[in-house]
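Fold and contact review
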Amino acid sequence: MRNVTLLGATGSIGTSTLDVLRRHKDEFKLHAVAASSSVDKMVAIVQEFKPERVAMHNEKSAQELNQKLKDLGLYAEVLAGACGVEEVAGDGAADVVVGAIVGAAGLKPVIAAVKTGCVIALANKEALVMSGQIFFEAVKKYGAKVLPVDSEHSAIFQCLPYEAQINLGYCDLKQANVNKILLTGSGGPFRDSPLESLKTVTAAQAIAHPVWSMGPKISVDSATMMNKGLEFIEARYLFNATDDDIKVVIHPQSVIHSMVSFTDGAILAQLGQPDMRTPIAVALGFPQRLTSGVDMLDFEKLSELTFRSPDFVRYPCLKLAMQASKSGQGATTCLNAANEVAVDAFLHNQIAYLDIAKVVDGVLQKANVGSLSSIDEVLETDRKAREIAKSIVGAI
Ligand code: NAD
Ligand code: MG
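What counts, and where the lines are drawn
- Residues numbered from 1 in each chain as written.
- Chains lettered and ligands numbered in written order.
- Predicted model: local features only at pLDDT ≥ 70, side-chain atom pairs only at ≥ 80, totals over all residues.
- Heavy atoms only, no water.
- Pairing = 2+ DSSP bridges.
- Helix = DSSP H or I, 4+ residues; strand = E, 2+ residues; numbered from the N terminus.
- Axes fitted to C-alpha atoms, helices over the stretch in contact; angles between N-to-C directions.
- Donors = N, O, S within 2.8 Å, 3.2 Å for Na, K, Ca; no water.
- Buried < 20%, exposed > 50% of the residue type's maximum accessible area, 1.4 Å probe, protein only.
- Near = heavy atom within 4 Å.
- Polar contact = N/O pair within 3.5 Å; in protein donor to acceptor, adjacent residues only side chain to side chain.
- Nonpolar A, V, L, I, M, F, W, Y, C, P; charged D, E, K, R; others polar.
- Phe/Tyr/Trp six-rings, centres within 6.5 Å; stacked < 30°, edge-to-face > 60°.
- Lys NZ or Arg CZ within 6 Å of the ring centre and 35° of its normal.
- Core = buried A, V, L, I, M, F, W, Y, C linked by side-chain atoms within 4.5 Å.
- Contact = heavy atoms within 4.5 Å.

To continue, consider the sheet that holds strand 5 (residues 96-99). Spatial strand order, 4-3-2-1-5-6-7: seven strands in an open sheet with parallel pairing. The two strands at the open ends of the sheet, each matched to only one other strand, are strand 4 (77-80) and strand 7 (145-148). Strand-to-strand twist of the sheet, defined as the mean angle between neighbouring strand axes without regard to direction, takes the value 20 degrees. One ladder, built from four bridges, connects strand 1 (residues 2-7) with strand 5; its direction is parallel. By the bridge assignment, Leu7 is partnered in strand 5 with Gly99.

Coordination of the magnesium ion (ligand 2) by the protein is provided by Asp150 (OD), Glu152 (OE) and Glu231 (OE), with metal-donor distances spanning 2.1 to 2.2 Å. Spacing between the donor residues of the magnesium ion (ligand 2) along the chain follows D-x1-E-x78-E. Across the pair, Glu152 and Asp150 agree in class, each one buried.

Another point: the site of ligand 1. Near ligand 1 lie 23 residues; those nearest to it are Thr10, Ser12, Ile13, Ser36 and Glu126. Between ligand 1 and the protein, one listed contact pairs an oxygen atom with a backbone N or O atom of Gly8 at 3.3 Å. One of the backbone nitrogen or oxygen atoms of Gly11 is found 3.0 Å away from an oxygen atom of ligand 1. Those elements giving two or more residues to the shell around ligand 1 turn out to be helix 1 (12-22) and helix 6 (125-142). Class assignment of the residues belonging to the shell around ligand 1 gives a composition of 12 nonpolar, eight polar and three charged.

The next point concerns the packing of aromatic side chains. Using the criterion set out here, one finds six aromatic pairs in the structure. Taking the centre distance of 6.2 Å and the plane angle of 25 degrees together, the rings of Tyr162 and Phe286 count as stacked. Linking Tyr162 in helix 8 (residues 162-165) with Phe286 in the loop between helix 12 (277-285) and helix 13 (316-327), this pair joins segments that are 124 residues apart in sequence. An aromatic cluster is defined as three or more aromatic residues linked by ring pairs; in this entry it consists of Phe135, Phe136 and Tyr170. A cation sits over an aromatic face here: Lys25 above Phe49, 4.9 Å from the ring centre.

Core analysis: the largest hydrophobic core is formed by 140 residues, its most contacted members being Phe135, Phe239, Leu335 and Val363. If we ignore the near neighbours within four places in the chain, the residues touching Phe135 are Val110, Ile111, Val114, Leu122, Leu128 and Val146.

Right, let's get into the sheet that holds strand 10 (residues 256-262). An order of 9-8-10-11 is seen for the four strands of this open sheet, with the pairing classed as mixed. Where the open sheet ends on each side, the last strands, each with one partner, are strand 9 (246-250) and strand 11 (267-271). Strand-to-strand twist across the sheet, computed as the mean angle between neighbouring axes with direction ignored, equals 20 degrees. Inspection of the sheet shows strand 10 paired to strand 11 by four bridges, in the antiparallel sense. The residue bridging Met259 from the neighbouring strand is Ala269, located in strand 11. Taken strand by strand, helix 7 (residues 151-159) contacts strand 8 (178-185), strand 10 and strand 11, and its axis lies near 35 degrees from that of strand 10.

This part takes up the environment of Ile134. With respect to the secondary-structure elements, Ile134 resides in helix 6. Since its relative accessible area comes to 11%, Ile134 is described here as buried. In sequence terms Ile134 and Leu182 are 48 residues apart; their C-alpha atoms lie 25 Å from each other. Ignoring anything within four residues of it in the chain, the contact list for Ile134 reads Gln329, Leu372, Ser373, Ser374, Ile375 and Val378.

It is worth stressing that arrangement in space is one thing and function is another; only the former is reported here.
Structure representation (structure tokens):
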């Protein structure tokens, strides 16, 4: 029996993770869960999975949850605020911590989990984008193990040899005879829209991803391909890769989830339905395979698999992310912070779709993007970048 703590339990990844756990109740026990403010979803989780500890980032929601659990005769220790979330993440009782909080908010809880030396099943790519090097130094120091949940990184992971799989963050791609990591992305809902029409894109249109069903922030990131940019940076840290080791390929059907080419000319790809329960099951079960509830691909129903290069005029955010990746951790932290502020402003109709890239570019030009050597420095850089981003948003 393995104890699991699920951070971001009420979100899209959280819900898919619970569905995998539901199928394996004899193998996994849900020890603790954390989320922001969805009280009713949390009540349902406590009812079904009976975790010992529950943290709500929103203090009012924590109080409300406590009351509702009492009324229903259910028991779980309820913690509140950012400290409560960090406490359940780092209490040391979990064998596996699933990091599925969205955005920079997930960084401190994930680091708290790393310090317990457990297995980290990581969906929260923003945490790596902000802190990659410091994160993996902590992984080494505390003997933690990282397994990717992001579908592309899970695909790459599955294509790599075992020695690389058990050494994420430090693996030697040359020794594994890797030629390139081929990071695929669907290109989002506006892949084929006339460029002119992007000026008037609404939040509802941006959230309606053609293939994947995801939370609102990552859905907008998929439309701008900032998501692929963040994943580019994520891949660099996870697979100890250089910028030149990774190539982004647009693959509209999202059947291939990414590929690895080797020096002998062989290319391995991982294929499957666009359903996050597969990469979640891979991370929870590794090195075993678990059933996940995902249907098999039906090759007779697949009409075509196509590929093309990303166009940086259509996807300026991808270019900005790749440039930030070259500059280093200060730049990637600023990029991420600026993007979170810009996407939030776009979702609240404060700026237009095309302004997202302008805000990110503006922050990268104005911010001081030196190297960072501690989580406190990362968080301070994140805070300053948000301030700059908010002032740019305010002036639009
Ligand atoms: P979501 O918005 O659906 O869910 C986010 C979760 O985080 C919710 O449970 C929310 O309550 C919780 N949360 C937010 N702020 C919090 C805080 N301060 N403290 C505690 N909990 C907090 O997002 P999602 O789509 O599930 O994405 C989660 C993460 O996984 C993101 O980093 C995303 O990039 C990554 N990811 C998602 C997918 C996907 O298919 N959804 C795929 C790959 C990677
Ligand atoms: Mg992904």
